[in-house]
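Summary of the model geometry
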Amino acid sequence: QAQLVESGGGLVQAGDSLRLSCAASGRIFSSRVMAWFRQAPGKEREFVALIRWSNGRTLYGDSVKGRFTISKDSAQNRVYLQMNTLKPEDTAVYYCAGGIQWSRYPNDYDSWGQGTQVTVSS
C-alpha cells in the first residue's frame, strides 16, 4: 500500500477556489489509479474524480464536472484537485485514495489518506 497525505483544505466563501494536494510515498506501484472522494457528516462517501498514473486519463463525478479538475505530477508522485466556483454543498472531508482499478467506488481502493477538511460558507 501507498502512504497518502492530503493538504490544502480550509475555510472559504462560496465562489472561491482551493487546490488540494495528495503526496504519495511507499509502495506506490500498487496505486495505478488515484482518486478523490469526499464525505459530509451523515452522508456516504462520494466519488469526486480519478486519474490514471500511466496516461493521465480522468473521470469526474456529476456533481463536480465542469468545476473541479484533477491532475498529476508523476515525477513528484503528487495528485491535485483544483476546485473552482465552490458551493456550500461542497463542504466535506476530502480524501485521497489509491487503487489498481478504474473505479468510482471507495471499496475498490486500498490506500487512503487521513483527509483534509473543506468548508464553504455562503
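Numbering of residues starts from 1 in each chain and follows the order in which that chain's sequence is written. Per-residue local features of the predicted model are confined to residues with pLDDT of at least 70, and side-chain atom pairs are confined, for both listing and counting, to 80 or more; whole-chain, interface and lining totals are unaffected and use all residues. The side-chain quantities take in all heavy atoms of the structure and omit both hydrogens and water.

A closer look at the pattern of salt bridges
- Salt bridges are defined by distance alone: a side-chain nitrogen of Lys or Arg within 4 Å of a carboxyl oxygen of Asp or Glu. Applying the stated criterion across every chain yields a total of 4 salt bridges.
- Note that Arg-38 and Asp-90 form a salt bridge whose closest N and O atoms lie 2.8 Å from each other. Here Asp-90 lies in the loop between strand E8 (78–83) and strand E9 (92–99) and Arg-38 lies in strand E4 (residues 33–39), a separation of 52 residues in the sequence.
- For every residue, the accessible area (1.4 Å probe, protein chains only) is compared with the maximum for its type, and the residue is labelled buried under 20%, exposed over 50%, or partly exposed between those bounds. We classify Arg-38 as buried; its relative accessible area is 5%.
- Taking the shortest distance from any N to any O, the salt bridge between Arg-67 and Asp-90 comes out at 2.8 Å. Only DSSP runs of H or I with at least four residues qualify as helices, and only runs of E with at least two residues qualify as strands; both kinds are numbered from the N terminus onward.

Concerning the environment of Arg-67
- Locating Arg-67 in the fold gives a position in the loop between strand E6 (58–60) and strand E7 (68–73).
- Residues Arg-67 and Val-79 lie 12 residues apart in sequence; the distance between their C-alpha atoms is 17 Å.
- Residues adjacent in sequence count toward polar contacts only when both atoms are side-chain atoms; beyond that, a polar contact is any pair of N or O atoms within 3.5 Å, and within protein one must be able to donate a hydrogen and the other to accept it. Engagement of the side chain of Arg-67 in a polar contact is seen with the backbone oxygen of Ser-63, the distance being 3.0 Å.

With respect to the side chain of Asp-90
- Judged by its relative accessible area of 0%, Asp-90 falls in the buried class.
- Within the structure, the side chain of Asp-90 is placed 2.8 Å from the side chain of Arg-67, a separation counted as a polar contact.
- For this analysis, residues touch if any pair of their heavy atoms sits within 4.5 Å. In contact with Asp-90, other than residues within four places in its own chain, are Arg-38, Arg-67, Phe-68, Thr-85, Val-118 and Val-120.

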